[in-house]
Amino acid sequence: MAKLPEQTTVTINTLKQQSIEIVEQATATEFTLFQFFGETDETVSYLDEMKNVAEEAASSFSQLSTLQLNIAQAQPIASSAMLNLLAQVIERTQAKIPALARSVQEVKIEWNLP
C-alpha cells in the first residue's frame, strides 16, 4: 500500500473537515435566507451563491477523498502523476477555502443572518 507522509494526511483531513464545514454553513445560510425572506428578485442571487459555495466545497471534499483512497490502494507505490495531482488539489483547496468561507460570511452580514 502506498502511504502518504503523516503531514500530508493531516493536511488532507484538515481540508476535508473545512470543506464539510463550509458545505454545512452554506447550506444552513441558504436555508435561513430562504426561510426569512423567501425566493425573491433580491434573494435569488444570494441563494444561488450559497448553493454554488456548497457545491464547490463538496467537490473539494470529494476530490481529496478520492485521491486519498486511490493513493492508499496504489501498489507498490503511488504514481508521480497521482501525487502531483494530489499536490495540485491540496494547493487549490487551500486557496479556495478562505474565499468560500468569506462568501458565506458576506451573505450573513448582508442579510443580517445569525
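For every chain, the first residue of the written sequence is number 1, and numbering continues from 1 onward in sequence order. Note on the predicted model: pLDDT of at least 70 is required for a residue's local features to be given, and 80 or more for side-chain atom pairs to be given and counted; whole-chain, interface and lining totals, by contrast, use all residues. Here the side-chain values reflect all heavy atoms present in the structure, with hydrogen atoms and water set aside.

(A) Quick peek at the pattern of salt bridges. Salt bridge criterion: a side-chain nitrogen from Lys or Arg within 4 Å of a carboxyl oxygen from Asp or Glu. Throughout the structure, instances matching the rule amount to one salt bridge. A salt bridge links glutamate 30 to lysine 51; its shortest N-O distance comes to 3.1 Å. Note that glutamate 30 is positioned in helix H1 (residues 6–37) and lysine 51 in helix H2 (residues 44–73), a separation of 21 residues in sequence. A relative accessible area of 39% means that lysine 51 is categorised as partly exposed. A run of H or I in DSSP counts as a helix once it spans at least four residues, and a run of E counts as a strand once it spans at least two, with each numbered from the N terminus. Each residue's exposure class comes from its accessible area (1.4 Å probe, protein chains only) as a fraction of the maximum for that residue type: buried when under 20%, exposed when over 50%, partly exposed otherwise.

(B) Region of interest: the nonpolar core. Formed by 26 residues in total, the largest nonpolar core has its most connected members in Val53, Leu64 and Leu86. Secondary structure elements with two or more residues in this core: H1, H2 and helix H3 (80–110). Tallying contributions element by element places H2 first for this core, with eight residues. Excluding anything up to four places from it in sequence, valine 53 contacts Ile22, Ala26, Leu100, Ser103 and Val104. Residues enter a nonpolar core if they are buried and are Ala, Val, Leu, Ile, Met, Phe, Trp, Tyr or Cys, with the set joined through side-chain atoms within 4.5 Å. The contact criterion used throughout is that any non-hydrogen atoms of two residues lie within 4.5 Å.

(C) Region of the structure containing the side chain of glutamine 68. Among the structural elements, glutamine 68 can be located in helix H2. By relative accessible area, which is 17% here, glutamine 68 ends up buried. Those residues within four positions of glutamine 68 in sequence are excluded, and the remaining contacts are Thr9, Ile12, Asn13 and Lys16.

(D) Structural detail: the packing of H1 against H3. Only the contacting stretch of a helix is used when fitting its axis, a line to C-alpha atoms as for every element, and angles between N-to-C directions run 0 to 180 degrees. Where H1 contacts H3, the axes come no closer than 10 Å and their chain directions differ by 25 degrees. Here H3 runs roughly parallel to H1, going by the angle between their axes. Like other packed secondary-structure pairs, H1 and H3 cross with a definite hand, here left-handed. In this structure, H1 uses Thr8, Thr11, Ile12, Leu15, Gln18, Ser19, Ile22, Gln25, Ala26, Thr29 and Leu33 to contact H3, whose residues at the interface are Leu86, Ile90, Thr93, Gln94, Ile97, Leu100, Ala101, Val104, Val107 and Lys108. In the scheme used here, Gly and all other residues not listed as nonpolar or charged are polar, with Ala, Val, Leu, Ile, Met, Phe, Trp, Tyr, Cys and Pro taken as nonpolar and Asp, Glu, Lys and Arg as charged. A breakdown of the residues in the contact of H1 with H3 according to their chemical character gives 12 nonpolar, eight polar and one charged. Between 65 and 115 degrees an angle is taken as roughly perpendicular, under 35 as roughly parallel, over 145 as roughly antiparallel, and anywhere else as oblique. The handedness criterion is simple: a crossing whose near helix is rotated anticlockwise from the far helix by less than a right angle is left-handed, and one whose near helix is rotated clockwise is right-handed.

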